[in-house]
Amino acid sequence: MTVTLEVSGGVGTIRLDRPPMNALDVATQDRLRELADEASRRDDVRAVVLYGGEKVFAAGADIKEMQAMDHAAMVLRSKALQDSFTAVARIPKPVVAAVTGYALGGGCELALCADFRIAGDNAKLGQPEILLGLIPGAGGTQRLARLVGPAKAKDLIFTGRHVKAEEALRMGLVDRVVPAAEVYEQAHAWAAGLAKGPALALRAAKEAVDAGLETDIDTGLTIERTWFAGLFATEDRERGMRSFVEEGPGKAKFL
């Protein structure tokens, strides 16, 4: 399998495993969507890590496979390509990308689907599609601009240049830089901490932020208050408030 899902301690690791560079061919894209849907459904998965291994996250699409496609073929394929990445972005649980080595093109776009990105000090990220006479096609023009702002996104997309981990951190493309050997460990620890939290509240928080970014402020506030009020019907809310009153803040244990 080119993508696998392993679950431990409430954390599901979706791992790309297509040596040597984890090129995202059609089969890998489809498998990624299947496992994102599985992680979304499974109750024993409360947070997710996206990981490509110790040496590389994903160096992009399979260019040889794409070269063989004509316009008609890509018209049919492009929606499925985007859907596979959107399935990852819509996992209703915290998702962290553990980025080592190259995260280029589709690899960068996959990292953009996470809620948080931890990069190794050896990481290089970018959207080099322009060098092929193309633009990003798996969400890069949309998610990158929303994350780092349009000017920085256009810099990366127009030039196709790669940025090293520290520059990626400065521009907000990644959230933390650590030694490459510690990337997965730290990503898993981040996810494991959140896996102990209130699952419904975390889901509500993610949806409120993500959906709110796609609309106007008044609609976003409506989304927020609907989720906020709805959580008062949950056992987690009752457990969290009772613990706060009886034991003090930060001591609640959620199922």
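It should be noted that the structure appears before, not after, this text.
Just so it is clear, the model here is predicted, and its values are computed rather than measured. (Residues numbered from 1 in each chain as written. Predicted model: local features only at pLDDT ≥ 70, side-chain atom pairs only at ≥ 80, totals over all residues. Heavy atoms only, no water.)

**Student:** Looking at this model, I keep getting lost on the layout of surface pockets. Mind explaining?
**Tutor:** Its volume calculated, the largest pocket comes out at about 910 Å³. Of all the secondary-structure elements, those providing two or more residues to the lining of the largest pocket are helix H3 (71-89), helix H5 (140-148) and helix H9 (199-213). Per element, the largest residue contribution to the lining of the largest pocket is 7 residues, and it comes from H9. Class assignment for the residues of the lining of the largest pocket results in 12 nonpolar, 6 polar and 10 charged. Considering only enclosed or pocket space, the second largest pocket measures out at about 660 Å³ in volume. Taken together, 32 residues form the lining of the second largest pocket, with Ala-61, Met-66, Glu-129, Leu-134 and Ile-135 sitting closest to its centre. Per-element tally for the lining of the second largest pocket: the top contributor is H3, with 6 residues. Among the residues forming the lining of the second largest pocket, the class breakdown is 18 nonpolar, 8 polar and 6 charged. (1 Å grid on protein atoms, 1.4 Å probe; cavity = no way out; pocket = protein on both sides within 12 Å on 5 of 7 lines; lining within 4 Å. Points joined across faces, edges and corners; volume = space filled by probe spheres on them. Helix = DSSP H or I, 4+ residues; strand = E, 2+ residues; numbered from the N terminus. Nonpolar A, V, L, I, M, F, W, Y, C, P; charged D, E, K, R; others polar.)

**Student:** I'm lost on the pairing of strand E2 (residues 11-16) in this one. Help?
**Tutor:** On a regular strand, each side chain points to the face opposite its neighbour's, so the side chains alternate between the two faces of the sheet. In terms of burial, E2 is largely enclosed, as 5 of its 6 residues are buried. Counted along the chain from strand E1 (residues 3-8) to the antiparallel partner E2, the turn is 2 residues long, and its residue Gly-9 has a positive phi close to 60°. By the bridge criterion, 5 bridges tie E2 to strand E3 (residues 47-51) in an arrangement that is parallel. Looking at the pairing, Arg-15 lines up with Tyr-51 of E3. On the question of chirality, the crossover connecting E2 to the parallel E3 by way of helix H1 (residues 26-41) is right-handed. (Buried < 20%, exposed > 50% of the residue type's maximum accessible area, 1.4 Å probe, protein only. Pairing = 2+ DSSP bridges. Right-handed = clockwise from strand over helix to strand, strands pointing away.)

**Student:** Where do I start with unusual backbone geometry in this structure?
**Tutor:** Residues other than glycine predominantly adopt negative phi, and peptide bonds predominantly adopt the trans conformation. Residue Pro-20 follows Pro-19 across a cis peptide bond; omega there is 5°. Its place among the elements puts Pro-20 in the loop between E2 and H1. Backbone geometry places Asn-22, a non-glycine residue, at a positive phi of 55°. When you line up the elements, Asn-22 lands in the loop between E2 and H1.

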